[in-house]
Every structure is written in structure tokens, then in C-alpha cells.
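# Architecture at a glance
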Amino acid sequence: MNLPFSKTRRIGNTLYLSGEIGFGADGTVPAGIEAQTRNIFDRIKATLDSQGLTLASVISATCYLTDVSDFAEFNRVYAEYFSDPLPVRTTVQSGLMIDAKVEITVIAKA
């Protein structure tokens, strides 16, 4: 699908990543919040790696959950991917454009 946006944009020393959905290698979205969140971070890590960055480069994350009851499990998985200094974060409950439980976008310092 050809969508009208860039996956990344670098402006100076800042890299902006478009929102990621937890698609698996087969192109489908798994059912659970844990699997979706892990897939998202695998995708984010791959994108950062292609730019010579790591998750330690992430300074901000915006997270969209479709169901507030998934927050505790999402937060547990999210916490596995970051260490101090943690990125700033906003998490909101929101509808998504596809049938998924979570979408995450990040900003990284290059």
C-alpha cells in the first residue's frame, strides 16, 4: 500500500519516525497487546539501526492504545526496551486506522 507519508524524517540531529503498528513478518497483526508491542519495537529498532541509532537514542515516544485495559501489560513490555534516561512519553486511548491494539511513534536524537 502506497501511503502519503515518510517512514522517517531527519532534521538536523533529530530523527522522526512515523507511527508503527505491530505487523509480524507475515504481514498480519497478532491478537495480543504483548506480541503487537514487541513487534513494534522490533520494527522501531530496525529503523533506528538503519540510521545508525539505537533505542537509547529515543528521546520521546507517543503511544496510542485502543483499549485502556491493555495499559498495564503494554507498560510492562514497553519498560523492557528502555533504560535510564527514559524517553519522555505520552500514552492515550485512541481508535486506530487499522485493526490493531497499539501504535507507537518515536523521536530520536541522532
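Residues numbered from 1 in each chain as written. Predicted model: local features only at pLDDT ≥ 70, side-chain atom pairs only at ≥ 80, totals over all residues. Heavy atoms only, no water.

The tally for this structure, following the rule as stated, stands at eight salt bridges. Linking Lys 7 and Glu 20 is a salt bridge whose minimum nitrogen-to-oxygen distance equals 2.4 Å. Pair noted here: Lys 7 is in the segment before β1 (8-11) and Glu 20 is in strand β3 (residues 20-21), with a separation of 13 residues, a long-range link. Accessibility expressed as a relative area gives 42% for Lys 7, which makes it partly exposed. The class for Glu 20 is buried, based on a relative accessible area of 4%. (Salt bridge = Lys/Arg side-chain N within 4 Å of Asp/Glu carboxyl O. Helix = DSSP H or I, 4+ residues; strand = E, 2+ residues; numbered from the N terminus. Buried < 20%, exposed > 50% of the residue type's maximum accessible area, 1.4 Å probe, protein only.)

Okay, unusual backbone geometry next. The omega torsion of the bond from Asp 84 to Pro 85 falls at 0°, within 30 degrees of zero and hence cis. With respect to the helices and strands, the residue Pro 85 is situated in the loop between α2 (71-79) and β5 (88-93).

Where helix α1 (residues 33-50) contacts α2, the two axes come as close as 9 Å, and the packing angle between them is 35°. Handedness of the crossing formed by α1 with α2: right-handed. For the pair α1 and α2, contact is made by Ile 33, Glu 34, Thr 37, Arg 38 and Phe 41 and by Glu 73, Phe 74, Arg 76, Val 77 and Tyr 78, respectively. Its residues assigned to classes, the contact of α1 with α2 comprises five nonpolar, one polar and four charged. (Axes fitted to C-alpha atoms, helices over the stretch in contact; angles between N-to-C directions. Left-handed = near helix turned anticlockwise from the far one by under 90°. Contact = heavy atoms within 4.5 Å. Nonpolar A, V, L, I, M, F, W, Y, C, P; charged D, E, K, R; others polar.)

This next bit is on the side chain of Glu 20. Within the structure, Glu 20 has its side chain in polar contact with the side chain of Arg 43 (distance 2.7 Å). Not counting chain neighbours up to four residues away, the residues in contact with Glu 20 comprise Lys 7, Ile 40, Arg 43, Ile 44, Thr 47, Val 102, Glu 103 and Ile 104. (Polar contact = N/O pair within 3.5 Å; in protein donor to acceptor, adjacent residues only side chain to side chain.)

So, on to α1. Over its 18 residues, α1 extends 26 Å from the first C-alpha to the last, a length consistent with the 26 Å expected when each residue adds 1.5 Å. Among all positions in α1, only Ile 33, Gln 36, Thr 37, Asn 39, Ile 40, Phe 41, Ile 44, Thr 47 and Leu 48 are buried. Contact partners of the buried residues in α1: β1, β2 (14-17), β3, β4 (58-65), α2 and β6 (102-109). (Expected span 1.5 Å × (residues − 1).)

Let's shift gears to the packing of aromatic side chains. Following the criterion strictly, the structure yields five aromatic pairs and no others. Pairing Phe 41 with Phe 82 gives two aromatic rings, centres 5.6 Å apart and planes at 80°, and the pair type is edge-to-face. Taken together, the residues Phe 41 in helix α1 and Phe 82 in the loop between α2 and β5 connect sequence positions 41 residues apart. Considered together, Phe 41 and Phe 82 belong to a single accessibility category, that of buried residues. Taken together, the aromatic side chains of Phe 41, Phe 74, Tyr 78, Tyr 81 and Phe 82 make up a single cluster linked through ring pairs. Positioned over the ring face of Tyr 78 is Arg 89, at 4.4 Å from the centre of the ring. (Phe/Tyr/Trp six-rings, centres within 6.5 Å; stacked < 30°, edge-to-face > 60°. Lys NZ or Arg CZ within 6 Å of the ring centre and 35° of its normal.)

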